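# Architecture and fold: a report
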Number of protein chains: 2
Amino acid sequence: MDWIRGLLGWGIATTITGVDGKGLLLLNRKAPIPQYASAKEMEIAIKKIREKTGPLVDIISTDPEDLHAHGYSEWSTVNTSSLPVAVAYPRSTEQVSTIARVCHEYRVPIIPYSGGSSLEGNFSAPFGGISVDFAHMDQIVQFNREDMDIVVQPSIGWQDLNDQLASMGSGLFFPVDPGPTAKIGGMIGTNCSGTNAVKYGTMKDWVINLTVVLADGTIIKTRRRPRKSSAGYNLNGLFVGSEGTLGLVTEATLKLAVVPEALSVAVVTFPTIRDAASAAAEVMQAGVPVAAMEVMDEVQMRVVNLGGATAPRVWRELPTLFFKFSGTRASVAEDIGSVQGIARRNGGGRFEFARDGREQKLLWSARKESLWSMLALRKGSTDVAVPFSRLADIIEVSKKEMDDLGLFASILGHIGDGNFHESILYDPNNGEREKVEECVKKMVRRALDMEGTCTGEHSIGWGKKESLLWEVGPETLAVMRAIKAALDPKWIL
Amino acid sequence: MDWIRGLLGWGIATTITGVDGKGLLLLNRKAPIPQYASAKEMEIAIKKIREKTGPLVDIISTDPEDLHAHGYSEWSTVNTSSLPVAVAYPRSTEQVSTIARVCHEYRVPIIPYSGGSSLEGNFSAPFGGISVDFAHMDQIVQFNREDMDIVVQPSIGWQDLNDQLASMGSGLFFPVDPGPTAKIGGMIGTNCSGTNAVKYGTMKDWVINLTVVLADGTIIKTRRRPRKSSAGYNLNGLFVGSEGTLGLVTEATLKLAVVPEALSVAVVTFPTIRDAASAAAEVMQAGVPVAAMEVMDEVQMRVVNLGGATAPRVWRELPTLFFKFSGTRASVAEDIGSVQGIARRNGGGRFEFARDGREQKLLWSARKESLWSMLALRKGSTDVAVPFSRLADIIEVSKKEMDDLGLFASILGHIGDGNFHESILYDPNNGEREKVEECVKKMVRRALDMEGTCTGEHSIGWGKKESLLWEVGPETLAVMRAIKAALDPKWIL
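Here is what the cut-offs are and how they apply
- Residues numbered from 1 in each chain as written.
- Chains lettered and ligands numbered in written order.
- Predicted model: local features only at pLDDT ≥ 70, side-chain atom pairs only at ≥ 80, totals over all residues.
- Heavy atoms only, no water.
- Helix = DSSP H or I, 4+ residues; strand = E, 2+ residues; numbered from the N terminus.
- Areas by Shrake-Rupley, 256 points an atom, 1.4 Å probe, with all protein chains shown as cover.
- Core = buried A, V, L, I, M, F, W, Y, C linked by side-chain atoms within 4.5 Å.
- Buried < 20%, exposed > 50% of the residue type's maximum accessible area, 1.4 Å probe, protein only.
- Contact = heavy atoms within 4.5 Å.
- Pairing = 2+ DSSP bridges.
- Salt bridge = Lys/Arg side-chain N within 4 Å of Asp/Glu carboxyl O.
- Phe/Tyr/Trp six-rings, centres within 6.5 Å; stacked < 30°, edge-to-face > 60°.
- Axes fitted to C-alpha atoms, helices over the stretch in contact; angles between N-to-C directions.
- Domains from an automatic or database assignment.
- Buried area = accessible area lost by both parts, 1.4 Å probe.
- Polar contact = N/O pair within 3.5 Å; in protein donor to acceptor, adjacent residues only side chain to side chain.
- Arc of directions from axis to C-beta.
- Expected span 1.5 Å × (residues − 1).
- Parallel < 35°, antiparallel > 145°, perpendicular 65-115°, else oblique.
- Left-handed = near helix turned anticlockwise from the far one by under 90°.
- Nonpolar A, V, L, I, M, F, W, Y, C, P; charged D, E, K, R; others polar.

A count of helical and extended segments in chain A gives 16 helices and 20 strands. Carbon and sulfur atoms form 52% of the exposed surface of chain A, whose accessible area is close to 17,800 Å².

This paragraph deals with the nonpolar core. Counting 81 residues, the largest nonpolar core has Phe174(A), Ile184(A), Phe174(B) and Ile184(B) as the members making the most contacts within it. Sequence-distant contacts of Ile184(B), that is, excluding residues within four places in its chain, are made with Val152(B), Pro154(B), Ile156(B), Trp158(B), Leu161(B), Phe174(B), Met203(B) and Leu254(B).

Before going further, it helps to examine the sheet that holds strand 6 (residues 130-133) of chain A. Residues and elements named next belong to chain A. Read across the sheet, four strands follow the order 3-4-6-5 without closing on themselves; strand pairing throughout is mixed. Because the sheet does not close on itself, it has two edges, and the strands there are strand 3 (60-61) and strand 5 (110-113). When strand 3 meets strand 4 (residues 86-88), the two strands line up antiparallel, connected through two bridges. Counterpart to Ile60 in the pairing with strand 4 is Ala88.

Attention now moves to the pattern of salt bridges. Following the criterion strictly, the structure yields 14 salt bridges over all chains and no others. The salt bridge partner of Glu105(A) is Lys48(A), with a shortest N-O separation of 3.6 Å. In this pair, Glu105(A) is assigned in helix 4 (residues 93-106) and Lys48(A) in helix 2 (residues 39-53), connecting sequence segments 57 residues apart. Given the relative accessible area of 47%, Glu105(A) is considered partly exposed. A salt bridge links Glu261(B) to Arg329(B); the nearest nitrogen and oxygen atoms lie 3.4 Å apart. With Glu261(B) in the loop between strand 13 (257-258) and strand 14 (262-269) and Arg329(B) in helix 11 (residues 329-345), this pair connects stretches of sequence that are 68 residues apart. Taking relative accessible area as the criterion, Arg329(B) reaches 60% and is therefore assigned exposed.

Residues and elements named next belong to chain A. For the structure shown, the criterion picks out 12 aromatic pairs over all chains. A ring pair is formed by Phe323 and Phe351, whose centres lie 6.1 Å apart and whose planes are at 10 degrees; its orientation type is stacked. On the criterion of sequence distance, the pair formed by Phe323 in strand 16 (residues 320-327) and Phe351 in the loop between helix 11 (329-345) and strand 17 (352-353) is long-range, its members being 28 residues apart. The exposure class assigned to Phe351 is buried, which follows from its relative accessible area of 6%.

This part takes up the sheet that holds strand 10 (residues 207-213) of chain B. Residues and elements named next belong to chain B. Pairing is antiparallel in the open sheet, where five strands are placed in the order 7-8-12-10-11. Here the strands that pair on one side only, and so sit at the sheet edges, are strand 7 (140-144) and strand 11 (219-221). Strand-to-strand, the axes of this sheet are offset by a mean angle of 10 degrees, without reference to chain direction. Of the pairings in the sheet, the one linking strand 10 to strand 12 (residues 248-255) comprises six bridges and is antiparallel in character. When the bridges of strand 12 are listed, Val213 appears paired with Leu248.

Attention now moves to the domain arrangement of chain A. Residue and element names in this part refer to chain A. Once the domains are mapped, chain A shows domain 1 (39-135), domain 2 (140-258) and domain 3 (262-457). Listed by partner, the interface residues are 17 residues for domain 1 and 22 residues for domain 2. Buried surface at the junction of domain 1 and domain 2, both sides included, amounts to about 1,400 Å², of which 63% is carbon and sulfur. Where domain 1 packs against domain 2, one counts zero salt bridges. At the junction of domain 1 and domain 2, the tally comes to three residue pairs in polar contact (both at pLDDT 80 or more). The set of elements that each furnish at least two residues to the side of domain 1 that touches domain 2 consists of helix 4 and strand 5.

All names here are of chain B. Burial in helix 5 (residues 158-167) covers these residues: Trp158, Leu161, Asn162 and Leu165. Projection of helix 5 onto a plane perpendicular to its axis shows the buried side chains occupying an angular sector of 95 degrees, all on one side. Every exposed residue of helix 5 that faces more than 90 degrees away from the buried side is listed here: Asp163 and Ser167.

Examined against the element boundaries, Asp205(B) turns out to sit in the loop between helix 7 (197-200) and strand 10. Here Asp205(B) is in contact with Asp205(A), Tyr200(B) and Lys255(B), once residues within four sequence places are set aside.

Between its terminal C-alpha atoms helix 9 (residues 273-286) of chain B stretches 20 Å, which fits the 20 Å expected from 14 residues at 1.5 Å a residue. Among the residues of helix 9 of chain B, those classed as buried are Ile273(B), Ala276(B), Ala277(B), Ala279(B), Ala280(B), Ala281(B), Val283(B) and Met284(B). Residues of helix 9 of chain B that are buried sit in contact with strand 13 (257-258) of chain A together with helix 7, strand 15 (292-296), strand 16 (320-327), helix 11 and helix 14 (391-404) of chain B. Gly287(B) occupies a position one or two residues after helix 9 of chain B and carries a positive phi of about 75 degrees.

This paragraph deals with the pairing of strand 8 (residues 149-152) of chain A. Residue and element names in this part refer to chain A. Burial along strand 8 is two-sided: the residues Asp149 and Val151 and Ile150 and Val152 are all buried. Where strand 7 (residues 140-144) lies against strand 8, four bridges are found, and the strand directions are antiparallel. What sits directly across from Phe143, in strand 8, is Ile150. Between the antiparallel neighbours strand 7 and strand 8 lie four residues, among them Met148 with a positive phi of about 55 degrees. As defined by bridge partners, strand 8 adjoins strand 12 (residues 248-255) across four bridges and the pair is classed as antiparallel. In the strand pairing of strand 12, Val152 is matched with Ala252.

What follows deals with the packing of helix 2 of chain A against helix 4 of chain A. Residues and elements named next belong to chain A. Interaxial distance between helix 2 and helix 4 falls to 9 Å at its minimum, and their mutual angle equals 150 degrees. Classified by the angle between their axes, helix 2 and helix 4 sit roughly antiparallel to one another. Where helix 2 crosses over helix 4, the two elements pack in a sense that is right-handed. Residue-level inspection shows Glu41, Ile44, Ala45, Lys48, Ile49, Lys52 and Thr53 of helix 2 in contact with helix 4, the latter providing Gln95, Thr98, Ile99, Val102, Cys103, Glu105 and Tyr106. Taken together, the residues of the contact of helix 2 with helix 4 break down into seven nonpolar, three polar and four charged.

If you want it as structure tokens, here you go:
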């Protein structure tokens, strides 16, 4: 993937030229570029892949619209100018292996493409190459109901997976719930989380094993199927979150969770965002096992109302915590009681409960829809994460700074694990972009000063590669680089 | 570590000579051995380390008893014949870095030593070298109560850590609970779990970041301090479980959990081990959030009675499930009701509850003490893990096979995550060792046939390195090898 190629490969990590007054690393951007295939060689490679995977179906497309669709994203803050030279649509692990083998031979970059909903340019193609679109690999391969696990292909969406599990009456579901269009492959690439992460953790906690095609076409399986193993290095943990830079995931065995007996959704408003953040921290510190806890500020609530996604219901435009409770009937009632007490002590208002399944969906959708509501306007979005105790501080300061700059910004987040997003609406044509970029940089720096991270879950992509260096330091980056070099010596992934 | 050195470095992975009729890989055991320091060079290295870390304290010991203590374990099934040439007792990350830098220069193997309670020869020293004993690095470095995390040195024991957290009245605890003598460093090395794993997961779920000294002495920090991050590769996941083969952990930031309001411990007996295993699988499939669920067979229960660890209380010598319930008072009562129903349907008897904190400890200690009870006799122990649905099958077959061979064997396990241990008592002097080895091999093969793993939590060490190859296959092993080579090119760790 590009950030690794750019940052670890031959670029930034090796060419730090100094540190400026504010601790920002100065980088030599004229570092050498690795030797990739010429246009002619890429053509030969494409022909070879066609030969080896044909003749029944042509898995390669060079249609200009297709290339454009795979090299540019409406949603992304960063777009590079060059496009992939071809898009491959493999149908099996073996075809992926063939593609990798040929690309490895001719040094053709490979860019894996899954849901395409990434926000940091994770799938852009700055050096041409072949985009591998897993669209046709979207099936359930094997469902082991008694073992509570399932084997799937990378392009199945998590919502589709859950719909299929529900229609089978399995009583099981896959609990990691990022944006509605996300697919399993991309979720593995970014080690994504979602609103359920407080209770169920992130993607890496739900992957039992992966089938991975390495840069040279070798097919490996990271582990076998039991839930627990300490055999050898934890390759699962390494491939999950590696953004496709170490190998192409073609199959995943996922753990499934039992659908809880009872589910309750409620919202509660607070006078200030700091009160909301304090209440959230207290819920975590008290160990109340909420299923999900999200924060949205008054701006975000207004955007939801304006967007009309939950119409006719209209929300109070105040800082709001969203809670999901799940478990048995009795434990849900008890958890609600505990959280109500904490909210009250922090200035919270009355709990508004969803009265039935339809209202639960509606209410939760206010949170879920928020990103999509924002997208109807023009905006930028970024995310950081800090330890619990600093949450109220960073949210307050970052929001104030945005307001001072006259930017229309708002805060929302998976507050249960210290992760929040800042969304900024701006006009890209009147110079606001620079202001926004400055603000985002400051927020990232602030999160790092608080021992935080520059990305809780969106991951690095092309947009935050300088922040990564700033966050982990050159030595740690060198380790990542060594691993990358070991598994993909030609840096084609 | 040795298994990696032996298996990945230049040995087994590169010299597979064929596959026998039963699918066992035939290996060329005469593979070349890497160039390590001569005795003379090791002496120079020791002198250099003394120079650089002295003169106030001599951190190096060459006392023969010390060397023996660090190269041989009473408890291990495998012991190699050579001893380390010195034992280093560093006091800081910087001293560990100095040791590694010098050892790297002179190609002196380094063997990290933490609790010394490993069962698979994880700390043996087949090529001499320096044993690094972290005994003096056993402190709490920083406690962040509001963030619910703590920074510790590797030699602090998990029980000691919890005692300190309790005496501070923090309301927090570290939930990973392996054998009572285990230390955090070793627990990280093996990605260990314990009886609480059903509810709280394994070591990797509780490590926020690590300070690691690499083979060449470079000091890195895997991540910053928030609970969630997707910045760069998941190095935590890679170092946790790598058995010290990729770097030396000198500091760890760990998440802490909230001490639950209520705790209840109960045991229930079953007519057969299959009934017990079926009940356990049903508890998991129903999603009852038990805090712990362990199985012990009738033999194990007799050993506990014989050992007298829980005297005067005496246990029924039948296959037994041990349960721990935790949460609020109401949720504990509810969970107990659910599990009682499942036990009854599977032929279980009456629940025996601990009536107070003392009895809880006593009752749970019957399970915790079992290994130590066995050690008073002469025994071997091994562990495998399989998917839930195969648990009853493999336990029944493996136990019958042991009985048929006239071996005194017994089963116990963390049944909640499909992991069980088989303990075999034998006389090493009358040829029983071969029988035992044959049986263990068969059990491992059986687990792998059921898509299981050769080690749920003891990890590979020196004892199971052939099983690892058999389990993950040569391609996956080659990936592990490439990572190892990238981070420790001279294979000194």
